[in-house]
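Geometric and topological summary
Next come the chains, spelled out residue by residue.
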Amino acid sequence: MALVPSTMLALDTPAPDFSLPEPATGETVSLSDFEGAAALLVVFLSNHCPFVKHLANHLAGVAAEYQGRGVAVVGINANDITTHPDDSPEKMKEEVARRGYTFPYLFDGSQEVAKAYRAACTPDFFLFGADGKLAYRGQYDASRPSLGVPLTGRDLRAAIDAVLAGEAPAAEQVPSVGCNVKWRAGNEPEWFG
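So, a few notes on the structure that sits alongside this text. Computed from a prediction, not measured in an experiment: that's the story for all the values here.

1. Focus: the pattern of salt bridges
Within the structure shown, the criterion is met by 7 salt bridges. A salt bridge links Arg-157 to Glu-65; the nearest nitrogen and oxygen atoms lie 2.9 Å apart. Of this pair, Arg-157 sits in helix H4 (residues 154-164) while Glu-65 sits in helix H1 (residues 50-67), and the two are 92 residues apart along the sequence. Looking at Arg-157, the relative accessible area reads 23%, which means it is partly exposed. Asp-161 is the salt-bridge partner of Arg-69, the closest N and O atoms lying 3.3 Å from each other. In this pair, Arg-69 is assigned in the loop between H1 and strand E5 (71-77) and Asp-161 in helix H4, connecting sequence segments 92 residues apart.

Shown next, in the form of structure tokens:
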């Protein structure tokens, strides 16, 4: 497991487009499905990563809370399933049921969406305002597996609250950290390595 930080995509970057399958429902979900949302949170996730497992249940609750306030949430798994079969679409269905995700959890088999977002790790958080521009990319909170720091979602919550209030999140944003996205051999982006 390579431990990597977020690439910290430039703030004000427009949300890259996507249209991806949702294994749990068999539907295709696109960026355009979230037009009119008060904000959009895109989270790159996986099923097997200890950093995702650490916060998945807590994230499910936070996501449901903010969905009730008009925030659209979507999870994306871009891991290579030939090397990491626990991240397969079939296992993603199980993960949705296990965690109680109320948001679509999409499969990026080509890894092109992960590249467009410059996703580097799981979890990797990207919060876009109602204008579709990146307002926050950073950590969930200061907790990590085995650190003993309680899960709060403080950093992400503060950013979402700011966006919902029509304000800019704090300019200083701490990168998310986690397992590297499991790129297919020969498909690694220039920032990986």
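2. Thoughts on the packing of aromatic side chains
Under the definition given, this model contains 8 aromatic pairs. Here Tyr-117 and Phe-126 contribute two aromatic rings whose centre-to-centre distance is 5.6 Å and whose plane-to-plane angle is 75 degrees, an arrangement assigned as edge-to-face. Measuring from ring centre to ring centre gives 5.6 Å for Phe-125 and Tyr-140, while their planes differ by 20 degrees; the resulting arrangement is stacked. Residue Phe-125 is located in strand E8 (residues 124-129), and its partner Tyr-140 is located in the loop between strand E9 (134-136) and H4; the two are separated by 15 residues in the primary sequence. For the pair Phe-125 and Tyr-140, one class covers both residues: buried.

3. Some points on the state of the cysteines
For the structure shown, the criterion picks out 1 disulfide. Covalently, Cys-49 is tied to Cys-179 through a disulfide, its sulfur atoms 2.2 Å apart. On the sign convention where negative is left-handed, the bridge of Cys-49 and Cys-179, at about 90 degrees about the S-S bond, is right-handed. Within this pair, whereas Cys-49 is found in the loop between strand E4 (39-44) and H1, its partner Cys-179 is found in strand E10 (residues 177-180), the two being separated by 130 residues in sequence. Classification of Cys-179 by relative accessible area gives buried; the value is 1%. Cys-121 takes part in no disulfide bond, and the closest cysteine sulfur, belonging to Cys-49, lies 8.3 Å away.

4. Topic: H1
Compared with the 26 Å implied by 1.5 Å per residue over 18 residues, the 25 Å span of H1 between its first and last C-alpha is a close match. Along H1, the helix axis deviates most sharply at Ala-56, where the bend reaches about 50 degrees.

5. A look at the nonpolar core
If you look at the biggest cluster of nonpolar residues, it comprises 32 residues, and the most contacted ones within it are Leu-45, Tyr-101, Phe-125 and Leu-127. For this core, the elements supplying multiple residues, two or more each, are E4, H1, E5, helix H2 (89-99), strand E6 (105-107), E8, E9 and H4. The element best represented in this core is H1, accounting for 9 residues. Among residues more than four places away in sequence, those in contact with Leu-45 are Val-52, Leu-59, Gly-75, Ile-76, Asn-77, Ala-78, Tyr-101, Phe-103, Tyr-105, Thr-122 and Pro-123. Residues Ala-37, Ala-72, Ala-114 and Phe-126 belong to the second largest nonpolar core, which totals 25 residues.

Rules used throughout
Residues numbered from 1 in each chain as written. Predicted model: local features only at pLDDT ≥ 70, side-chain atom pairs only at ≥ 80, totals over all residues. Heavy atoms only, no water. Salt bridge = Lys/Arg side-chain N within 4 Å of Asp/Glu carboxyl O. Helix = DSSP H or I, 4+ residues; strand = E, 2+ residues; numbered from the N terminus. Buried < 20%, exposed > 50% of the residue type's maximum accessible area, 1.4 Å probe, protein only. Phe/Tyr/Trp six-rings, centres within 6.5 Å; stacked < 30°, edge-to-face > 60°. Disulfide = S-S within 2.5 Å. Expected span 1.5 Å × (residues − 1). Bend = angle between axes of the 7 residues up to and from the residue. Core = buried A, V, L, I, M, F, W, Y, C linked by side-chain atoms within 4.5 Å. Contact = heavy atoms within 4.5 Å.

These results come straight from atomic positions and should not be treated as a statement about function.
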